[in-house]
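Each chain, letter by letter, is given below.
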Amino acid sequence: MKQWKARGMSFWRARTQRERSVLSIGLMLLLAVLVWLVLLDPAWQGRAQLQKELPVLREQRAQLQSMAREVTKAANSAAVPASTPTPLSRQMLESSLAQKSLRAQSLEHNGELVRLKLSDASFAALVEWLGEMQNNRQLVVTDANVVATEKLDKVNATLSLRQQK
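Let me sum up the structure you'll find in this document. Please read these numbers as outputs of a predicted model, since none were measured by experiment. (Residues numbered from 1 in each chain as written. Predicted model: local features only at pLDDT ≥ 70, side-chain atom pairs only at ≥ 80, totals over all residues. Heavy atoms only, no water.)

Observations regarding the overall build of the protein chain
1) Next: A tally of regular secondary structure across the protein chain gives four helices and four strands.
2) Next: Helices (α) and strands (β) of the protein chain occur, in sequence order from the N terminus, as α-α-α-β-β-α-β-β.
3) Next: Over its C-alpha trace the protein chain gives a radius of gyration of 40 Å, far above what one expects of a compact globule, namely 15 Å for 165 residues.
4) Next: Structurally, the protein chain occupies a C-alpha span of about 115 × 40 × 30 Å along its principal axes.
5) Next: Across the protein chain, the mean location of the 23 positive side-chain charges is 20 Å away from that of the 14 negative side-chain charges. (Helix = DSSP H or I, 4+ residues; strand = E, 2+ residues; numbered from the N terminus. Rg over C-alpha atoms; globule rule 2.2 N^0.38 Å. Lys, Arg positive; Asp, Glu negative; His and termini not counted. Charge placed at Lys NZ, Arg CZ, Asp CG, Glu CD.)

Laid out in structure tokens, this is it:
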């Protein structure tokens, strides 16, 4: 390292004052070009690119905000009011099952609990009935045993449901 420094100093001393000035100016210009190429030009180009993309990004943001407002509105309008569900009755349960062409072999109802057993019932109708009971009567399945039969879309099911408050 000392050798390089000594060579550099001897090279510098061998130059006239005018050559030193020209070399100094050239070195400063080279340094300025490097700073421009490495630091300033990429930042300048990035800024220009962002200015081109900014209107599109603002439009997308406005669309997202609009969609978020729509989702919030839809969620608020579709929200089920936190009221007490209507009391269950055996007759109501049997008629709702009959509407889906389902017939319970056994149906026990006491307060908030419902236990029913279905034999050779349509699985699609059973799932649809459970969905309606959950949405309209706040009945949720607490225990289910569903066994497929040989026939297509037919199951034997034993269900326990509880009404949420």
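Examining the sheet that holds strand β4 (residues 154–163)
1) Next: Spatially, β1-β2-β4-β3 is the arrangement adopted by the four strands of the open sheet, whose pairing is antiparallel. Edge strands, defined here as strands with exactly one partner in the open sheet, are β1 (104–110) and β3 (139–148). On average, adjacent strands in this sheet sit at an angle of 15 degrees to one another, irrespective of strand direction.
2) Next: Inspection of the sheet shows β1 paired to strand β2 (residues 113–122) by six bridges, in the antiparallel sense. By the bridge assignment, Ala 104 is partnered in β2 with Leu 118.
3) Next: Contacts from helix α3 (residues 90–99) reach β1, β2 and β3 within the one sheet, and its direction differs from that of β1 by about 145 degrees.
4) Next: Together, β2, β3 and β4 form the strand contacts of helix α4 (residues 123–137), whose direction differs from that of β4 by roughly 10 degrees. (Pairing = 2+ DSSP bridges. Axes fitted to C-alpha atoms, helices over the stretch in contact; angles between N-to-C directions. Contact = heavy atoms within 4.5 Å.)

A short note on a nonpolar patch on the surface
1) Next: Together, Leu 31, Val 33, Val 35, Trp 36, Leu 37, Val 38, Leu 39, Leu 40 and Trp 44 line one region of the surface with nonpolar side chains, adding up to about 930 Å² of accessible area.
2) Next: You can see Leu 37 is positioned in helix α2 (residues 17–78).
3) Next: In this structure Leu 37 comes out as exposed when scored by relative accessible area, which is 52%. (Patch = residues over 30% accessible without salt bridge, like charges linked within 9 Å, V, L, I, M, F, W, Y side chains within 5 Å. Areas by Shrake-Rupley, 256 points an atom, 1.4 Å probe, with all protein chains shown as cover. Salt bridge = Lys/Arg side-chain N within 4 Å of Asp/Glu carboxyl O. Buried < 20%, exposed > 50% of the residue type's maximum accessible area, 1.4 Å probe, protein only.)

Quick notes on unusual backbone geometry
1) Next: Phi at Ser 101 is positive, roughly 60 degrees, even though this residue is not glycine.
2) Next: One can find Ser 101 in the loop between α3 and β1.
3) Next: Here Asp 120, not a glycine, exhibits a phi torsion of approximately 55 degrees, which is positive.
4) Next: Residue placement: Asp 120 occurs in strand β2.

Brief notes about α4
1) Next: Its 15 residues give α4 an end-to-end C-alpha distance of 20 Å, which sits within 8% of 21 Å, the value for a rise of 1.5 Å per residue.
2) Next: Three or more residues of α4 are buried, namely Ala 125, Leu 126, Trp 129, Leu 130 and Met 133. Here the buried residues of α4 occupy an arc of 135 degrees about the axis, which is enough to place them on one side.
3) Next: On the buried face of α4, the contacting elements are α3, β2, β3 and β4.
4) Next: Positioned one or two residues after α4, Gln 138 has a phi angle of 55 degrees, which is positive. (Expected span 1.5 Å × (residues − 1). Arc of directions from axis to C-beta.)

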